[in-house]
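Architecture at a glance
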Amino acid sequence: MTLFNLAKKNIKGNINNYLLYFFSMVVCIIIFYTFNSLLYIPEIQNTDPYLESTMSQTSFILIGFIIVFIGYSNAFFTKKRKKEVGLYSLLGVKKKTIGRMLFFENIIIGAITLLTGLVLGIILSRLSTMLLLKLLGAPIEVSFSIPLKAILTTTLIFTIIIIFTSVQSYFLIYRFRLIELFHAEKKGEKVPKASLLSAGLAFVLLTSSYWLMFNGMAMLAIPLVVIGTYLLFRSLTVYLLKRAQKKKAKYYHGINIIGTSHLLYRVRGNALMLTIIALLITGALPYIQAAFSEYAMTEKDARDSAPFSYIYLSKDEAIDKQINRIIANDKNHPIIEQLDIPIISLKGTTTAPFEDNNNLSINLMAEQTYHQVKKTLDLGDIPPLSDEQAIAFKYYFIHQPTANFKGHDIEIPLPPGKQTLTLKKLEKKSVRLTDGEEPLYLIVDDKMFSEMAEQINPITYKAYEVENEKTTKETSETLQKLSDENMQLLTYYDKYTTIKALTGMKMFIVSSLALVLLAATGSIIYFKQISEAHADRNRYEILRKIGVSKKEVRSTIAKQTLFVFILPLLIGILNGGMLLLSIVVAYDMDLIGNTLYFLYAVAAYGTIYLIYYGLTITSYNRIVNK
């Protein structure tokens with residue numbers, strides 16, 4: 001029998017252990033190929049000009065995840081095969097021959113996963129392209145193509161990784177003494193001591209990190225979260241398990257003593273792994289939530305940026321008539337409303353605590369005009385105004401309570417002299433007519449506006465509201481060709497498609513990375529637990545011989561495995577939830593909406609995560625409960 005055939009036989013003998021590794025690797029290859037193939041599809045390239053840089057950056061992140069995952073998986077298989085390798089050596093097989101056999105095994109597994117991943121990636125690439133185009137809001141008609149460059153890039157990257165891990169396997173026999181190979185699975189761990197000091201410190205560090213998050217110091221909170229989470233798994237879990245031991249009635253019920261003791265002996269050895277997984281979940285959940293939320297809020301964000309279907313600064317009566325004719329001729333999108341919005345644009349000074357109070361950019365609007373646009377701009381009612389009173393509207397760069405602005409004067413230079421207006425109140429809302437920096441909008445009564453308009457010529461914005469504005473592509477493109485930069489043309493369609501492209505791309509990338517992260521974290525816990533199952537197989541065999549039923553063994557396995565799976569998930573949800581809540585509070589965002597999307601992210605992530613839990617207990621039970 002040749003070494004190559006022996007390697008194939010060994011793979012078949014360990015097929016159950018390789019299946020999840022094989023599945024996770026195939027998922028990684030499919031996603032990596034998909035990202036690279038999208039770079040060469042014309043329909044995608046024409047949709048987003050920033051696609052190439054975005055996909056390239058994401059590919060590097062994917063490679064990092066994949067290297068860590070493969071490295072950990074390879075370490076698991078290395079540990080599991082030590083006894084087998086030692087047996088070959090004891091039988092007189094040369095180290096060089098054993099190394100070559102392990103090298104061939106790794107190459108065969110890598111080649112099969114790479115080939116399978118590429119084939120499935122090619123088959124699913126059209127579906128992935130259609131999904132991305134749907135998220136970007138572009139036409140979903142796409143031709144089937146197989147980009148050769150994407151295949152070569154994927155093959156090159158994974159071939160390098162496979163060769164590197166194969167070389168590691170080759171040198172396994174040279175890194176350990178024969179006695180170490182035979183006793184690799186018999187190395188025990190000491191009973192850890194419960195440390196109230198470390199447990200208390202974990203609580204203090206995590207609490208302090210949350211306080212920093214809510215006080216705008218998230219970057220300072222990161223090291224505290226890392227250290228606190230590690231101490232939590234290393235010390236607090238030990239303390240809780242020790243407490244469970246002291247509850248004699250429950251501890252000695254059935255074989256709870258076995259499950260609790262098993263966790264207690266292994267918890268410190270798992271501390272680093274659980275910490276890394278919890279931290280990955282901490283970072284992943286807010287990103288998934290943000291992607292869900294931003295994509296779902298596309299229409300609202302577009303409405304905030306472009307409240308009218310079309311709006312532009314009037315410069316010429318002939319152009320106005322031409323624009324009106326173009327919009328009116330679009331029978332698929334009839335005009336609902338047309339408004340003229342006169343604005344007096346000028347500079348002023350104030351004693352109010354605005355950032356640029358000595359050089360304020362001000363847009364004056366008449367009270368009557370405000371009432372015409374308030375519904376479209378979602379501004380709400382205002383109290384009636386008298387001669388020199390004004391109500392201010394500004395959203396950004398307001399760092400003090402709005403009450404601090406009330407009663408302050410604003411001086412406006414006019415040709416005859418200065419005009420003083422008194423702020424009746426400040427509304428922390430944005431009046432958004434066009435793109436660019438947000439000026440301070442002052443609403444004054446109609447008489448005051450008319451008097452000032454006699455001294456400074458107002459500019460007029462012409463706004464249109466039409467039906468089905470999300471589909472006004474042809475009219476929007478025609479108007480863009482007709483307009484120039486001075487007209488400040490802003491269309492809802494342009495804003496909507498731009499925002500949808502950005503959020504759709506983010507949704508696609510985050511979902512793909514989350515899938516790879518899930519495959520990696522779930523597989524890491526799986527391999528760790530299966531490694532422990534092989535080490536504990538003899539102990540469970542003794543339990544069955546003294547009368548413990550298979551049902552009781554399975555129940556114990558389910559409980560102890562759930563502890564390992566659920567703990568990093570819960571801590572990750574807690575940390576990620578606090579981070580999200582601090583952002584929502586800091587930026588005055590919608591608490592209910594963001595919480596709902598966070599729960600969606602938790603549900604989606606948790607569901608797939610718990611599938612790995614089910615696979616783990618099934619494999620664990622098959623190993624120890626034959």
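See the structure above.
What you see is a predicted model; the values in this text were computed from it and never measured.

Take a negative patch on the surface next. A surface patch of like charges, here negative, comprises Asp387, Glu388, Asp409, Glu451 and Glu454. Counting through the fold element by element, Glu451 comes out in helix α17 (residues 446-453). The exposure class of Glu451 is partly exposed, given its relative accessible area of 36%.

In this structure, Asp378 takes a positive phi of about 55° despite not being glycine. Mapping Asp378 onto the fold places it in the loop between α16 (367-377) and β4 (389-393). Notably, Gln488 is not glycine yet its phi reads approximately 55°, a positive angle. Mapping Gln488 onto the fold places it in the loop between α18 (473-482) and β9 (490-491).

Within the secondary structure, Asn363 sits in strand β3 (residues 360-366). A distance of 3.1 Å separates the side chain of Asn363 from the side chain of Tyr441, its partner in a polar contact.

A separate point is the packing of helix α9 (residues 196-214) against helix α20 (residues 550-586). At their nearest, the axes of α9 and α20 sit 8 Å apart, and the two run at 25° to each other. Between α9 and α20, the interaxial angle falls into the category roughly parallel. α9 and α20 meet at a crossing whose hand is right-handed. Every residue of α20 that contacts α9 at Leu206, Tyr210, Met213 and Phe214 is listed here: Leu574, Asn575, Met578, Leu579, Leu581, Ser582 and Val585. Along the lines of polarity and charge, the residues of the contact of α9 with α20 split into nine nonpolar, two polar and no charged.

Attention now moves to the packing of aromatic side chains. Across all of its chains, the model carries ten aromatic pairs by this definition. Between the aromatic rings of Phe103 and Phe104, the centroid separation amounts to 6.2 Å while the plane-to-plane angle is 70°, which identifies the pairing as edge-to-face. Exposure remark for Phe103: the relative accessible area of 25% places this residue in the partly exposed category. Among the residues examined, Phe104 registers a relative accessible area of 25% and is labelled partly exposed. Each ring, one from Tyr492 and one from Tyr496, has its centre 5.9 Å from the other, and the planes form 15°; the classification is stacked.

Turning to a nonpolar patch on the surface, a few remarks are in order. Residues Leu115, Val119, Leu120, Ile123, Leu124 and Leu127 make up a contiguous nonpolar surface patch of roughly 540 Å² in combined accessible area. Along the chain, Leu120 falls in helix α5 (residues 95-136).

Turning next to the environment of Asn575. Summarising the element assignment, Asn575 is placed in helix α20. In this structure Asn575 comes out as buried when scored by relative accessible area, which is 0%. It is 5.6 Å that separates the C-alpha atoms of Asn575 and Thr282, two residues lying 293 residues apart in sequence. Engagement of the side chain of Asn575 in a polar contact is seen with the side chain of Thr229, the distance being 3.4 Å.

Moving on, we come to the pairing of strand β6 (residues 418-427). Strand direction decides the pairing type here: β4 and β6, joined by five bridges, are parallel. The residue bridging Ala390 from the neighbouring strand is Leu423, located in β6. With five bridges joining them, strand β5 (residues 409-413) and β6 adopt antiparallel strand pairing. Paired with Asp409 across the bridge in β6 is Thr422. Between the antiparallel neighbours β5 and β6 lie four residues.

This part is about α17. Met448, Phe449, Met452 and Ala453 are the residues of α17 that are buried. Looking straight down α17, one finds its buried side chains confined to an arc of 135°; they lie on one side. On its buried side, α17 packs onto β2 (335-350), β3, β5, β6 and β7 (440-444).

What follows is about helix α15 (residues 317-328). Helix length check: α15, at twelve residues, gives a terminal C-alpha distance of 16 Å against a target of 16 Å (1.5 Å per residue), a fit within 8%. Taken together, the buried positions of α15 are occupied by Asp320, Ile323 and Ile327. One side of α15 holds all its buried residues, which, seen down the axis, span an arc of 65°. The outward face of α15, more than 90 degrees from its buried face, is lined by the exposed residues Ala318 and Lys321. The inward-facing, buried residues of α15 contact β1 (310-313), β2, β8 (459-466) and α18. The N-cap residue of α15 is Asp316: its side-chain oxygen and the backbone nitrogen of Ala318 are 2.8 Å apart.

Conventions and cut-offs
Residues numbered from 1 in each chain as written. Predicted model: local features only at pLDDT ≥ 70, side-chain atom pairs only at ≥ 80, totals over all residues. Heavy atoms only, no water. Patch = residues over 30% accessible without salt bridge, like charges linked within 9 Å, V, L, I, M, F, W, Y side chains within 5 Å. Areas by Shrake-Rupley, 256 points an atom, 1.4 Å probe, with all protein chains shown as cover. Salt bridge = Lys/Arg side-chain N within 4 Å of Asp/Glu carboxyl O. Lys, Arg positive; Asp, Glu negative; His and termini not counted. Charge placed at Lys NZ, Arg CZ, Asp CG, Glu CD. Helix = DSSP H or I, 4+ residues; strand = E, 2+ residues; numbered from the N terminus. Buried < 20%, exposed > 50% of the residue type's maximum accessible area, 1.4 Å probe, protein only. Polar contact = N/O pair within 3.5 Å; in protein donor to acceptor, adjacent residues only side chain to side chain. Axes fitted to C-alpha atoms, helices over the stretch in contact; angles between N-to-C directions. Parallel < 35°, antiparallel > 145°, perpendicular 65-115°, else oblique. Left-handed = near helix turned anticlockwise from the far one by under 90°. Contact = heavy atoms within 4.5 Å. Nonpolar A, V, L, I, M, F, W, Y, C, P; charged D, E, K, R; others polar. Phe/Tyr/Trp six-rings, centres within 6.5 Å; stacked < 30°, edge-to-face > 60°. Pairing = 2+ DSSP bridges. Arc of directions from axis to C-beta. Expected span 1.5 Å × (residues − 1).

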